[in-house]
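Below, each chain spelled out in residue letters.
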Amino acid sequence: MSYVNLKGILLDAKKQGYAVGAFNIVDYITTSAVVKAAKNKRSPVIIQTSTKTVALYGYKPIVSWVKTLAEDTDIPVALHLDHCKDLDMIKKCIDAGWSSVMIDASSLPLDDNIEMTKKVVNMAKGKDVTVEGELGAIVGVEDDIFVNEQASHLADPDTCVKYVAATGIDVLAPAIGTAHGIYHKEPNVNFDLLHEIANRVNVPLAIHGGTGLSDDVFKKCIACGGDKINISTEIKHIFRDSFEEYYRANPTDYEPVKAIEYVENQTMHRVESFMNIFGSANKV
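Owing to the predicted nature of the structure, the values given are computational and were not obtained by experimental measurement.

K.L.:
Hey, could you go over the pattern of salt bridges for me, with residue numbers and the actual values?
P.N.:
This structure, assessed with the given rule, holds 12 salt bridges. The salt bridge partner of R42 is D74, with a shortest N-O separation of 2.9 Å. Of this pair, R42 sits in the loop between α2 (28-41) and β3 (45-49) while D74 sits in the loop between α4 (59-71) and β4 (77-84), and the two are 32 residues apart along the sequence. Relative accessible area serves as the criterion here: at 29%, R42 is assigned to the partly exposed category. Close ionic contact of R270 with E234 constitutes a salt bridge, the shortest N to O distance being 2.5 Å. With R270 in helix α11 (residues 256-278) and E234 in helix α10 (residues 233-249), this pair connects stretches of sequence that are 36 residues apart. Given a relative accessible area of 17%, E234 falls into the buried group. What emerges from the salt-bridge pattern is a single network uniting K91, D95 and K127.

Encoded structure:
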């Protein structure tokens, strides 16, 4: 079984100059599609779960899906909890078998963010679980977290150095101008800021708000130090749109398996295309 945390796969990405996709799944079918894409592309992959997804399915079923799928491959597969503010949920995910978790205390004052992050790092200690933390405020909606443009702000490099040193996190998500959800205008990504942070901290960097970025922006983010790229909204859109496409083309078909297979294939092919863009294909 190739069930891993984020540390090894992201350090390899940083060394070799590519990024690993973190794909927010919505059910077993999308989980299977992401792992199949990773197998087809010989790419490491991160299965990412929102707090809503965890609340819907429960802790044990999701871990079972991912570990069962990972058993059938030699591809590194990580299971990561995305944007969680609830320490109790984080602890339950760690205890249930998640290999990585994110504490999002970025809305708090820096000292409080540090203290809350340290609590999660201590929870993960000795359990082979990696921890991601966030600095700055990333605009848009992710799960139940909403940040408008007026409240958004970019990460400060000096603060990033202090935060990483004080907390001992494994991955840092700095706000650099990307946004959660759908872009309604061209994003103003601060590549120079990303490059400076990458040069000053000793941990991999996560780029949030990947849905809707152009191939060129992705590649520039990776060249400037992005090691993990989150794709969430696009998976949700593929999930719904694929069902609608299938039933528009087959209005009298009431065999769910065919529709599910169509959704899985559409998701798999799009994830494969991201792996090509991110440069992670053929890295295993």
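There's more to say after this.
K.L.:
I'd like a rundown of the pairing of β4, residues and numbers included.
P.N.:
Most of β4 sits out of view: eight of its eight residues are buried. Pairing geometry for strand β1 (residues 3-4) and β4, over two bridges, is parallel. Pairing of Y3 across the sheet is with V77, part of β4. Pairing between β3 and β4: five bridges, direction parallel.

Conventions we followed
Residues numbered from 1 in each chain as written. Predicted model: local features only at pLDDT ≥ 70, side-chain atom pairs only at ≥ 80, totals over all residues. Heavy atoms only, no water. Salt bridge = Lys/Arg side-chain N within 4 Å of Asp/Glu carboxyl O. Helix = DSSP H or I, 4+ residues; strand = E, 2+ residues; numbered from the N terminus. Buried < 20%, exposed > 50% of the residue type's maximum accessible area, 1.4 Å probe, protein only. Pairing = 2+ DSSP bridges.

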